[in-house]
Every structure is written in C-alpha cells, then in structure tokens.
Amino acid sequence: MTDDSSPSIGGSRSNGSLSRRRFMKATGAAGALAVGVGPGLTGSAAGNIDPEGFKALEINSDNQIVTEDGEVFKMRGLNVPDPKRVEITKNVRGKDFEQQLDMVTDNANGWHPRVIRIPAQPTDIGEHPNGNTGPEMSEFSEEIASDPEVPDDRTLQRPPQPTEYDEGAFTREQLNDYLEEYYDPAVELCKERGVYCIVDFHRHWHEQPPGDGSGNGGPEGDAEAENHLPYDSEYTLYWAYNDYYGKDEPASWGYVDQSYRNEADNPYFDGIEDIRNSDDHPYTQWEVNQDLVDEAVMFWDVVAERYADEPHVIFEPYNEPTAPGIWGPAEGGCGYAKQIPLWETFRQDFAAPIMEQVREHAPDKLMLMGLPGWCQATQALHWGGFDEEGFENVAAVWHNYAGHSASEQENWLNDTDYGGDACNGWEPEESQGLQNAMDVHHIHVTEFGWQEPEYTEENIEGSVNISKWLRGSTTGKGSTEAYGEPVLEALESDDRISWVAWCADARWLPAMFRTDFPINETTFELENGSWYETPDSDFPVNCESLPCDWALWENPNMGAYVKQILADKAEDQVPFELVETTDDDGGEPPGPGEGPDYPEGATDPDDDGYYEDLNGNGETDYSDVVDYFNNMENEDFQSNAEYYDYNGNGEIDYADLVDLFNEI
C-alpha cells in the first residue's frame, strides 16, 4: 500500500492530542497524581538491540522464529517508505530518510521496533510513474463509473512492466546505483539503530476496478468482484497466465473457473485426481510470467550477494504476487482442490527460482515469502510449504487491512474446514483469514493497518483519498477500537506470528503520522504521474529547513496505539542485550544553565534531554506543572518544543502535561 501522489496528510494545526477540556476534567475529578496516560503516550525503559549483538535467525520445528541460541524472538516492527522516494520528496514530506528512521527507533522517546521493513520499489529504482497511476474506470465502463455503489477510489493500478522498456523496468546498473546511493545507507542505519532490517523487493501490483455484476469486462456471468483484464494488458502484472485460454484472456483464477464452468457440459468439479491426470482442464494449464521471474532473479543476484553477510538483514523475495489469487478454505469445499495445481505452479516455477537465487548467496538467511492474492493465500500452505531441502528457514507472508472481509468479521485466525456442501462451504472472510497457517509455517504479517477518513480530514487542511481497504467497508471498521485493538490482540495471541505495521510515515497510507506544518500542494500535480518526470523546481517546498515536525496520529487512527504496543512488548520474547539509543540528529541536548530561552533557567534533572524543571529550582514539582500549563501558548516556549515535547509526538500539548504530572 503506497500513495505518494496525493497531498500530504498534514496541516498547520493538529487537534488529535489530549485536549484541554479532557485534561481539566481529569485533574479536577481525580487530582494530579491520579491522572492516567492514554495509549501511545508512554514508553518502556528498554533500549534497542546492541548493534554488535545481532544473531542469526531461524525457524524451529514449532514454527517460531528463534535465535541461533534457540531462544524465541517474536518480531514486531514498522514499515517505512522507499528511501529513494523519501530523499527526492524530503522537502515535501518534512524529513529525510535518516531523520525519519532516527525518530521511529528512538527508544528514549518511546519507540521500540525490533525490525524495520524497507521497500525497494522497481518504480523508484527505474524512475517510473507511481504504481497507482492509470485510467479512470470510465475509460472501461461508463456504467461502472456512474454506479453510486462503486467507490470512486479505484483507478486501474499501473505498475512498470518488465517488458515495457528495452532493458526491463530497471537495469542492473540502475539497481547498483540505487543501492549505493540510497539503500546501503538505510541498511547501515538500521544496524546503528539496533533494529533488524527487512530488505523487501516491493513489486507493485496488478489491480482492477470492480465489475458491475452483469459480466462487464469479465466472463459471462456474475463479474461482481473484478473487471478482469487480459494477461497482456499494459495495466496488469499477473505472476502467471492460463495457457488453456491464452495470453489475450484474463489470467485471474476466478475468470478461468467461471469461464470453464460456463462452457457447455463442464461439471463444476471432477475431483482433484481427475483434474491432475487430465489435459482437458484449464486448472492445470498455468504458466508463470517468466519476465517477472527473471526481473526478481536479477534483483536478488545483486542484492542477496550485497547483504548476505549482514547479520541484521532479512530478505523478503517478493512483496505481493497478486493475480491469479488463490481463494477458499484449505479443505471442506471443491474450490480449493482446483487451485492446488496453481499453487504448485507458484511454488515450483515462480517462488523457487527467486529463492534459489537468494540461497546461492545466502544459504541460511531467514526469508519471508509473499503469497498469491495480495498475500492472502495462506490456506495453500496446508497443501505444501517452503520447507523442502534448500528452502528451509522460510516464513510465509500474510497481509491484512481493515477493509478485508476477514477484518469485517474479525475472523483473522480462522480454521481450515468450513463444511457445507461440496462446492459452497466457505465465505469470502474465510478465504482471507490465516486458516491456522501458523501450524504449517511461521507467519510474518509484513503489512497491516487502518485509517479513519472522516477523523483524518477533520485534523488536516485538505482532503485525502483513503481506500476502502484501509478504512474498512463497514462503518467503524477503520478505527483503533474496531480494527486496531482486536487485530493486534489476534496477532499477539500466538508466538508463531510476527508483525510489521504499515506505515511509519506522513504520506504513505495508512499513515502513522501527520505533518504538523502548513502544506502547499493544492494545485500541485505530478507530470505523467511521476516524481521523476516532474522537475524538482516544481515540487512544493513544505519544509525548507529539515527536519520539520510530524505529529503522531492518535485514536481512531493508527500511530499512537502501535507505538504503545511496541513499548509494552519491548522486552517480550526479545532475547537480546538491549542498549539505549536516542535520536541525536540535533546533537547533544544542552546542559543545565544552557537550556532554551524560555522558561528562563529551566533544567533537565534526570539528564534525559527534556526540561522538566521549568522554574530552575533543581527538581520537578507541582509549580513546574503550573508553569507549563500557563505558558503552553507562549511563542518562545513553542519555538523550543523539542525540549518540552515529552511524549515525542512532535508538538506541545496536554498529553505532555500529563507526562509531566507523572514525573512528580
């Protein structure tokens, strides 16, 4: 999930923090010493992993990630954007990559991720238009575009094709330049900050607008879910096509299944053995997109060799192999049986060559392998995993967002058998849940998140188009209470599941931060949808002197809640020596007597870089709280916010006042 073509999520004033009214109510009702702190406003005292203490990771027989010593490591962390994209947009977004990573790994400021996932996007390596550009639905169907039930945020996704350019979406030379200038520093910075680094080949993605329920754009019949496009359309990026129908027909499994069933005298299901032993079924006629495989193999020939000896690096060979997807239960319905040959094609002809290239350079390194259907096909792991000889130490990747059917039903950890009749024993939410896949593999959730659109727009200047997949298609499902809390409870319920939240950024959605400065993008448009075709001089300069402040989103958006969970779990199944790191981008904080201009004489009694002793008497007491309360709007005080922003959300607010109470 990325979106760097829409305006920044931000504004000149934020009101998502603890309010004055709430603060006064709390202190008036219960007294200063009883004031509590809400989620995201406190942090653990634990540090980050000692940069000299990273250990090789492996998956044990119980499907847990363990260190080389056999100790269980439940990995929790954050996604950040592609470092090249951050660099070229740093004055638009308000931070460069180093400043952004420093901020979200600063445990002195309450941040405790144990891993950072860094996307390496072909779009940015080869300098192409954004992956979310493309024609509007009206170009394909006016009927669909005018349907009020169809959301207006589904333009066709437009990734760069491997065959679209003479030398592919990117060349080996472009890749080496990209790594040297942008990615190498990011990998090294993760080591310095004491976090593991997931190198993510973030290949984007095949997408389609919904059908109209009457077969438009799809096969004869019900095309409600997707308006299927041909394999060789410039707007698709299928990982495989169906040779029974050919490259000029859609490669979607749904299209193939529906088309075959609509042909005269074809039974819905002949039995898996009959299918496997027959050349007459389209279900056995899958061929991989060899150009896409070759591109990924070239990427890992360079990248795996480059980082093979870095103990803190983990490889994610392919972000989201999208269509053809694999849907349905692991058992208990006929749909699954017809997709077993498709899964075998994925394992043997798509995933295996890519992982073989990784293993050539890094025989033992932990890998996280994405699954078909936008990383939804966890049921297929029951039919055969990645544990053959040579492919040990591979976790399977699952992605989930608030708008998925499994999330609507809070059915993330569903089981494998739904019963029912032979062909209709499952529902969509059952096809998207984990289906107890952790019984077969370690599951690494490398993307999940949520964003509440109305709350977002109330707290920024401008609007932002939040996909239904992020916000939830049922009212309220895009909130912390309705999605964030229960999904994290589910992910935390099993130590065979690790997780990385998307996205610790102020632009890529769902965003954990909002920019806390005026934005200047009202009339800004990218040329041909590309940051690389648009002259730098045309970029809006939202932040002239880096870094500029970001504010952490609070409930109902993600941000503060994810930060709090990371803090709460800072030492939970984290078998490493932890050392304190801090964001030292601005240098060492001044000592007593050298502090900020206001309040005069303020000191830092506990040497943590924050000035809690506002009256300069050498201790933190109630009079300091009174001074803080009375001077929160003082211009000099606000201009030195870095010394008084105790909760690290980028602003002076009443939540900081609560933190100051807790110092007494």
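Structure shown above.
What comes next concerns the included structure. (Residues numbered from 1 in each chain as written. Predicted model: local features only at pLDDT ≥ 70, side-chain atom pairs only at ≥ 80, totals over all residues. Heavy atoms only, no water.)

If you tally the helices and strands in the protein, you get 21 helices and 16 strands. Counting only contacts in the protein whose residues sit at least 6 apart along the sequence, the fraction spanning at least 24 positions is 76%. (Helix = DSSP H or I, 4+ residues; strand = E, 2+ residues; numbered from the N terminus. Contact = heavy atoms within 4.5 Å.)

The element strand S12 (residues 443-449) is extensively covered by neighbouring structure, given that seven of its seven residues are classed as buried. Sheet topology note: the S12/strand S13 (residues 497-501) ladder contains three bridges and is parallel. The residue bridging His 444 from the neighbouring strand is Ser 498, located in S13. (Buried < 20%, exposed > 50% of the residue type's maximum accessible area, 1.4 Å probe, protein only. Pairing = 2+ DSSP bridges.)

Within the secondary structure layout, Thr 534 lies in the loop between strand S14 (513-515) and strand S15 (550-552). Since its relative accessible area comes to 4%, Thr 534 is described here as buried. Reaching out from Thr 534, the side chain makes a polar contact with the backbone nitrogen of Glu 527 at a distance of 2.7 Å. Among the polar contacts made by the side chain of Thr 534, one reaches the main-chain carbonyl oxygen of Ser 530 at a distance of 2.7 Å. Excluding anything up to four places from it in sequence, Thr 534 contacts Phe 524, Leu 526, Glu 527 and Phe 539. (Polar contact = N/O pair within 3.5 Å; in protein donor to acceptor, adjacent residues only side chain to side chain.)

The subject of this paragraph is the pattern of salt bridges. If you walk through the whole model with that rule in mind, you get 20 salt bridges. Asp 505 serves as the salt-bridge partner of Arg 93, at 2.7 Å between the closest nitrogen and oxygen. Separated by 412 residues along the polypeptide, Arg 93 in helix H3 (residues 90-93) and Asp 505 in the loop between S13 and S14 bring together distant segments of the chain. The salt bridge involving Lys 338 is made with Asp 257; its shortest N-O contact spans 2.4 Å. With a gap of 81 residues between them, Lys 338 in helix H11 (residues 334-361) and Asp 257 in helix H8 (residues 253-262) connect regions that are remote in the sequence. Residue class for Lys 338 comes out buried when judged on its relative accessible area of 0%. Look at the salt bridges and you will find they share partners, linking Arg 76, Glu 492, Lys 569 and Asp 572 into a network. (Salt bridge = Lys/Arg side-chain N within 4 Å of Asp/Glu carboxyl O.)

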